[in-house]
Amino acid sequence: MIEILKEFGPNFLWSDGYRWSGLAVTLWLLVTSAVLGLCAAIPLALVRTYGNRWLALPVQLYTLVFRGTPLFVQLLIIYSGLASLSLIRESPSLWWFFRDGMHCVILALALNTCAYTIEILAGVLRTTPRGEIEAALALGMTRSQVFILVLIPSMLRRALPAYSNEVIFVLHATAIAFTATVPDILKIAADVNAATFKTFQAYGIAALLYMVLACALVGVFRLAERRLLAYQR
Amino acid sequence: MKRCLIGLMLAASPLITWGAGEPLRFGVDPTYPPFESKQPDGSLTGFDIELGESLCSELQRRCVWVENAFDGMVSALKGKKFDAILSALSITEARKAEIAFSNTLYDTPARLVAPEGSPLQPTAESLRGKRIGVQQGSVFEVYAKRMWGLKGVEVVPYQSSDLTYSDLINGRLDAAFDDAIAVSEGLLKKPMGKGFGYAGEVVKSPEIFGPGTGIGLRKSDTALAGEINQALERIHQNGTYDRIARKYFDFDISPK
């Protein structure tokens, strides 16, 4: 165990000499896909809840498709499936994007977490206390002021507990990245296994790393909840 | 009732044809033609399979093939899921620390594969700035990373050789580095491999690739190792080895 940590610790944690470490890649995947997914989910959740039928329907269809199919299949379609289409390969800009495994993984993770986040946010919007909106209107706010100053901040605060779960799911979902050749924590664990044949230790270290990351995320979200949801206590 | 009896007899017939002694259980990952692969009907075929069967008949034991993922082979052998690994397992120093090996079964070369007419050579100078696919956990990954990875070549490890070949075809990779025979079977001989061929010369590196492949055995099973080595000697002498090898390869793969 100690020898494994001595020999492969750098690969897990910082750099293996000529590439990013497993931890750095996993964190990068988590942060970029969660940020992109959340940014897209906020307007789409508003459209899904308050938009007219023709706008809300495509969003509903999107969340249905991406929540109804396994993420692994989505990644395979984006990484291997699209690359086999000549349409993609012959367009320089599309091929520039899809040629890189990292782009494909981030796209798959972001699309997937976006779909789940839309449903979380839409659920929170449906339970907005009527009093909050009535109070805002009574103060003479316009419709857009109500959205920007009341509805959206209230939605984001109250979605925090459910959203913290979603972020942890995204962290766990990054473990599929190596299918698209992105060397994340799990790929390093597979390397350790191939080099030492100590399967339990190799994957055990990876599991511990994921757990430490998840605990850190839980801690950060708990702090945020304590501050942002203080009015509920 | 009669039909039922016949059914029972048919079900029992393999029991009657069992040879003397305990069956010999080989661990195999049948995803590596022409060494080991699965036919459409689910039966196993390949050079290793026929070699194993002829070793079993020399030892007068019945072969039982246990399918196992390649990267979990050594721990499964130690966990006694089978008695020996016969799955194109290269003899390496790292593996020797964990398990014992029989004498060398065969030695196949490593080669670079690229689109036909590619000027690439298996050297760091020629490959600088190129993307080279290798199978994760293989000796080819170790070689590519050590010899080229530090000198500006982008070495991309893949989970399986299928994924490597599909990325070579769709242009994500400039070349793939693998066992020459595995590439020939898995890619070059298939319709999808049209337009691809070997690039440059055979790559040799005994210190990384080892002396070839062997049968992996538990270190405690010294008696079995002795028996297998004797049986291997006999099938070399009586021509069985050459007969099977000619069926699969058009060049000599026997160890030096």
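Here the structure is a predicted model, which means the values were calculated and not measured.

1. Quick look at the overall build of chain A
And then number 1: Each helix and strand counted, chain A has 11 helices and zero strands in total.
And then number 2: Helices (α) and strands (β) of chain A occur, in sequence order from the N terminus, as α-α-α-α-α-α-α-α-α-α-α.
And then number 3: Expressed as lengths along the three principal axes of its C-alpha atoms, the size of chain A is roughly 70 × 50 × 25 Å.
And then number 4: Going through the 233 residues of chain A one by one, you find that 45% of them count as buried.
And then number 5: Within chain A, contacts between residues at least 6 apart in sequence are counted, and of these 75% link residues at least 24 apart.
And then number 6: Carbon and sulfur atoms make up 71% of the accessible area of chain A, which totals about 12200 Å².

2. Let's talk about the UniProt feature "domain: ABC transmembrane type-1" (unreviewed entry) in chain A
And then number 1: According to UniProt, the feature "domain: ABC transmembrane type-1" (unreviewed entry) maps to residues 23–221 of chain A in the numbering used here.
And then number 2: Across residues 23–221 of chain A, helical content stands at 85% and strand content at 0%; the span's end C-alpha atoms are separated by 20 Å.

3. Notes on the interface of chain A and chain B
And then number 1: Facing the 24 residues of chain A at the interface are 25 residues of chain B.
And then number 2: Roughly 2100 Å² is buried in total at the junction of chain A and chain B, and carbon and sulfur atoms are behind 48% of that figure.
And then number 3: In this structure, the salt-bridge partner of Lys198 of chain A is Glu98 of chain B, at a minimum N-O distance of 3.7 Å.
And then number 4: Inspection of the region where chain A meets chain B yields 11 residue pairs in polar contact (both at pLDDT 80 or more).
And then number 5: Per-element tally for the side of chain A that touches chain B: the top contributor is helix 10 (residues 185–196) of chain A, with seven residues.
And then number 6: Tallied by class, residues from the side of chain A that touches chain B come to 12 nonpolar, six polar and six charged.

4. Observations regarding the pairing of strand 10 (residues 154–158) of chain B
Residues and elements named next belong to chain B.
And then number 1: A large share of strand 10 lies buried, amounting to four of its five residues.
And then number 2: Relative to strand 10, strand 9 (residues 131–135) runs parallel, the two sharing five bridges. Counterpart to Ile132 in the pairing with strand 10 is Val155.
And then number 3: The parallel pair strand 9 and strand 10, bridged by helix 6 (residues 139–147), forms a crossover whose chirality is right-handed.

5. Thoughts on empty space enclosed by the protein
Left-over empty space is what a probe sized like a water molecule reveals as it rolls over the atoms.
Residue and element names in this part refer to chain B.
And then number 1: According to the stated counting rule, one finds two cavities of 30 Å³ or more in the structure shown.
And then number 2: Space inside the second largest cavity adds up to approximately 30 Å³.
And then number 3: In terms of lining residues, the second largest cavity is bounded by Gly133, Val134, Gln135, Ser161, Thr164, Tyr165, Ala176, Phe177 and Asp178.
And then number 4: The class makeup of the residues in the lining of the second largest cavity is four nonpolar, four polar and one charged.

6. What about the domain arrangement of chain B?
Residue and element names in this part refer to chain B.
And then number 1: Segmentation of chain B into domains returns domain 1 (23–107 + 212–246) and domain 2 (110–209).
And then number 2: Across the contact, eight residues belong to domain 1 and eight residues belong to domain 2.
And then number 3: A combined buried area of about 630 Å² lies between domain 1 and domain 2, and 59% of that area is made up of carbon and sulfur atoms.
And then number 4: On the domain 1 side of the contact with domain 2, Tyr32, Pro33 and Pro34 bury the most area, a combined 53% of that side's loss.
And then number 5: At the surface where domain 1 touches domain 2, the tally comes to zero salt bridges.
And then number 6: Taken together, the links from domain 1 to domain 2 amount to zero residue pairs in polar contact (both at pLDDT 80 or more).

7. Remarks on the UniProt feature "transmembrane region" (unreviewed entry) in chain A
All names here are of chain A.
And then number 1: Residues given the UniProt feature "transmembrane region" (unreviewed entry) here are residues 20–47, 59–85, 105–125, 168–190 and 202–224.
And then number 2: Annotated as 52% helix and 0% strand, the span residues 168–190 places its first and last C-alpha atoms 22 Å apart.
And then number 3: The span residues 202–224 carries 100% helix and 0% strand; its end-to-end C-alpha distance comes to 34 Å.

8. Remarks on the sheet that holds strand 8 (residues 110–115) of chain B
All names here are of chain B.
And then number 1: Strand order in the open sheet formed by five strands is 10-9-11-8-12, and the pairing between neighbours is mixed. This sheet does not close on itself; its edge strands, each paired only once, are strand 10 and strand 12 (196–203). Adjacent strand axes in the sheet meet at a mean angle of 30 degrees when their direction is disregarded.

9. With respect to the state of the cysteines
And then number 1: As enumerated under the stated definition, the model contains one disulfide over all chains in all.
And then number 2: At a sulfur-sulfur separation of 2.0 Å, the disulfide partner of Cys56 of chain B is Cys63 of chain B. Here the disulfide of Cys56 of chain B and Cys63 of chain B is right-handed, its torsion about the S-S bond being about 90 degrees. The same class applies to Cys56 of chain B and to Cys63 of chain B, which are both buried.
And then number 3: Not engaged in a disulfide, the cysteine Cys104 of chain A finds its nearest cysteine sulfur in Cys114 of chain A; these two sulfurs lie 18 Å apart.
And then number 4: We classify Cys104 of chain A as buried; its relative accessible area is 0%.

10. Notes on unusual backbone geometry
And then number 1: Cis peptide bonds are those with omega within 30 degrees of zero, and the linkage from Pro33 of chain B to Pro34 of chain B qualifies with 5 degrees.
And then number 2: Phi is positive for Thr181 of chain A, which is not a glycine, with a value near 65 degrees.
And then number 3: Its place among the elements puts Thr181 of chain A in the loop between helix 9 (143–173) and helix 10.
And then number 4: Using a relative accessible area of 8% as the deciding quantity, one classes Thr181 of chain A as buried.
And then number 5: Positive phi is not limited to glycine here, since Lys80 of chain B has a value of about 60 degrees.

11. Considerations on the sheet that holds strand 4 (residues 44–45) of chain B
Residues and elements named next belong to chain B.
And then number 1: One open sheet accounts for three strands, arranged 2-3-4; its pairing is antiparallel. Both edges of this open sheet fall to strand 2 (31–32) and strand 4, since each of them pairs with a single strand only.
And then number 2: Where strand 2 meets strand 3 (residues 36–38), two bridges bridge the pair, whose relative direction is antiparallel. Following the sheet pairing, Tyr32 is matched in strand 3 by Glu36.

What counts, and at which threshold
Residues numbered from 1 in each chain as written. Chains lettered and ligands numbered in written order. Predicted model: local features only at pLDDT ≥ 70, side-chain atom pairs only at ≥ 80, totals over all residues. Heavy atoms only, no water. Helix = DSSP H or I, 4+ residues; strand = E, 2+ residues; numbered from the N terminus. Buried < 20%, exposed > 50% of the residue type's maximum accessible area, 1.4 Å probe, protein only. Contact = heavy atoms within 4.5 Å. Areas by Shrake-Rupley, 256 points an atom, 1.4 Å probe, with all protein chains shown as cover. UniProt positions renumbered as here; feature names shortened; annotations may be inferred. Buried area = accessible area lost by both parts, 1.4 Å probe. Salt bridge = Lys/Arg side-chain N within 4 Å of Asp/Glu carboxyl O. Polar contact = N/O pair within 3.5 Å; in protein donor to acceptor, adjacent residues only side chain to side chain. Nonpolar A, V, L, I, M, F, W, Y, C, P; charged D, E, K, R; others polar. Pairing = 2+ DSSP bridges. Right-handed = clockwise from strand over helix to strand, strands pointing away. 1 Å grid on protein atoms, 1.4 Å probe; cavity = no way out; pocket = protein on both sides within 12 Å on 5 of 7 lines; lining within 4 Å. Points joined across faces, edges and corners; volume = space filled by probe spheres on them. Domains from an automatic or database assignment. Axes fitted to C-alpha atoms, helices over the stretch in contact; angles between N-to-C directions. Disulfide = S-S within 2.5 Å.

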